[in-house]
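# Structural description and commentary
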Amino acid sequence: DRHPDPQFEPDPTKKTLVILGTGWGSVALLKKLDTENYNVVVVSPRNYFLFTPLLPSCTTGTIEHRSIMEPVRTILRHKKAAVKFYEAEASSIDPDRKIIKVVDNSEIQGATCETEIPYDMLVIGVGAENATFGIPGVREHSCFLKEIGDAQQIRKKIMDCVETAAFKGQTSEEIERLMHMVVVGGGPTGVEFAGELQDFFEEDIKKLVPEISPRFKVTLIEALPNVLPSFSKQLIDYTENTFREEKIDIKTKTMVKKVTETTVEAEISRPDGGKEHVVIPYGLLVWATGNAVRPIIKDLMTKIPAQKDSRRGLAVNEYLVVQGTRDIWAIGDCAVAGYAPTAQVASQEGNFLGRLFNNMAKTEDHESRIQELSSRMNLQSGNSAEAAHEIERLEKQLRRIKDIKPFRYSHQGSLAYIGSEKAVADVSWWNGNLATGGSMTYLFWRSAYLSMCFSTRNRVLVLLDWLKSKAFGRDVSRE
Ligand code: FAD
Ligand code: NAD
């Protein structure tokens, strides 16, 4: 026997807007949205927003994980009208019945852990999952770097490898393996993580566990001829040279084919066109080969005929409406709008939808007032001049509101930390592009990310973490 939700009696005069996810896209939308205009419901298995650009720094304890998390409840508290939040995963979407099924997959579940939520309007911002390309052993043996739990697991494993390598009587071969940290994928995630890891070693582990430190090694494996394919050539060279100086081994043109509990098996493309098979023993393996489509998105794509040719996510039009639907929008990494899957794109898309929905509500409000005034004018001719004037004013406003330009992404530049207090940046500068790398860029990277943090609280915490790890070193306790 189900009880109606006592805290949420939807206003029947308003449309129900359901938002899936609490990542970059959905939170930017929530920030912009006038929640008074809709019955807003947010569904996400994560009850916090995560500032992903600083996630690689959490793997080594340069930054503590809670410093880059912002609870959704705090974000929603500041909205004008109440927003309902359910910590749950959307398991399927029925675009015909306009209903989503949600499941509470968290550790603690009540008697009701599965339900349905009807929507008038749906925004999908569920992001993407980790790509493994079906390579055997990846899911079982490697760590990913996408969520807070991943960063915590990596932090724990690094120290486990170090302490196990330092165990009495450990064989030389085993020490070599345990101290070998392998990163697969030379995109920005892999590069930033490799840089952070080498810093951790140079600044802390070397001092604290000197007896095994000569064996510590980071290897970055990339299938393409170079790392950071989306950055300019000059910055790719700068990164590769810096890595060489930092003694990070870069293996390009090397495609991982199989992973076991202790080894990575890869195929190297030689300059003569031949292939070489290598087996690389590792202690820690971090897999960062980009995004794959989430099952809920794949499932929805099969239900919409217009999506049959989509491969990388939900194809959307220039207003971010999912092609083949009328009341579903998609933003961020799960949408294909012709842009890279980045936080910058997701947050601009969310912001755009916020403005669009605010405008749509104003449009409806104006239209009903115009209708009301016109019918009053027809009934009583007394105040008709005044009413006509008001109608004219409203119609003028309406034309302006209705004139919403399609979404256009404005690229602010790309930034990545590469270790030893150096960063690379491709930024727009006076109508041109500026590609810079080095210590000044690192200061720019730090100040840019600090200013982008979600809240003042996050900003203060991140700043204190930076100061703390500089002054006292990173905390190497294995929790
Ligand atoms: P996400 O931010 O991933 O959010 C998805 C949300 O959906 C989450 O809250 C998730 O819990 C929720 N969700 C998942 N499944 C369901 C479901 N079934 N039902 C309901 N909710 C669900 N980009 C940059 O521009 N600059 C950077 O410096 C940068 N650094 C990065 C560093 C790392 C380590 C990583 C992993 C990514 C980085 N990115 C960066 C990329 C950026 O984080 C993503 O592009 C961005 O998070 C995409 O936003 P999103 O809202 O689509 O998805
Ligand atoms: P990515 O898709 O950018 O890079 C993955 C890399 O893995 C590719 O270069 C690919 O060639 C390689 N690869 C794939 N399969 C392989 C295999 N079997 N063996 C070896 N190499 C293999 O992934 P990412 O770095 O996770 O980034 C995902 C998205 O997030 C991108 O859009 C990126 O721009 C964004 N991001 C941005 C930043 C930043 O701006 N600082 C940081 C992290 C992520």
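Calculation rules
Residues numbered from 1 in each chain as written. Chains lettered and ligands numbered in written order. Predicted model: local features only at pLDDT ≥ 70, side-chain atom pairs only at ≥ 80, totals over all residues. Heavy atoms only, no water. 1 Å grid on protein atoms, 1.4 Å probe; cavity = no way out; pocket = protein on both sides within 12 Å on 5 of 7 lines; lining within 4 Å. Points joined across faces, edges and corners; volume = space filled by probe spheres on them. Nonpolar A, V, L, I, M, F, W, Y, C, P; charged D, E, K, R; others polar. Near = heavy atom within 4 Å. Polar contact = N/O pair within 3.5 Å; in protein donor to acceptor, adjacent residues only side chain to side chain. Areas by Shrake-Rupley, 256 points an atom, 1.4 Å probe, with all protein chains shown as cover. Helix = DSSP H or I, 4+ residues; strand = E, 2+ residues; numbered from the N terminus. Pairing = 2+ DSSP bridges. Axes fitted to C-alpha atoms, helices over the stretch in contact; angles between N-to-C directions. Contact = heavy atoms within 4.5 Å.

### A short note on empty space enclosed by the protein
All told, the structure shown has one cavity of 30 Å³ or more when counted by the stated rule. For the largest cavity, the full set of lining residues is Gly332, Ala335, Ala337, Tyr339, Ala340, Pro341, Val345 and Glu349. Considering only residue class, the lining of the largest cavity consists of six nonpolar, one polar and one charged.

### Notes on the site of ligand 2
Contacts to ligand 2 come from 24 residues, most closely from Thr189, Glu222, Val256, Pro341 and Leu415. A distance of 2.9 Å separates an oxygen atom of ligand 2 from a polar atom in the side chain of threonine 189. In the environment of ligand 2, a nitrogen atom lies 3.1 Å from a nitrogen or oxygen atom belonging to the backbone of valine 256. Protein chains shield 77% of the accessible area of ligand 2, which is 840 Å² for the free molecule. Those elements that place two or more of their residues in the shell around ligand 2 are α7 (188-208) and β14 (254-259). Partitioning the shell around ligand 2 into residue classes produces 14 nonpolar, eight polar and two charged.

### Remarks on the sheet that holds strand β11 (residues 180-184)
The four strands lie next to each other as β13-β12-β11-β17, forming an open sheet whose pairing is parallel. Edge positions in the open sheet fall to β13 (248-251) and β17 (284-287), since each of these has one partner strand only. Direction aside, the axes of adjacent strands within the sheet are offset by 15° on average. In this sheet, β17 lies alongside β11 in parallel orientation, the contact comprising four bridges. What sits directly across from valine 184, in β17, is tryptophan 287. α7 rests against β11, β12 (217-221), β13 and β17 of the sheet, and its axis sits at about 175° to β12. On top of the sheet, helix α8 (residues 233-246) reaches β12 and β13; it is set at about 135° to β13, its chief contact.

Geometric values such as these leave the question of function open.
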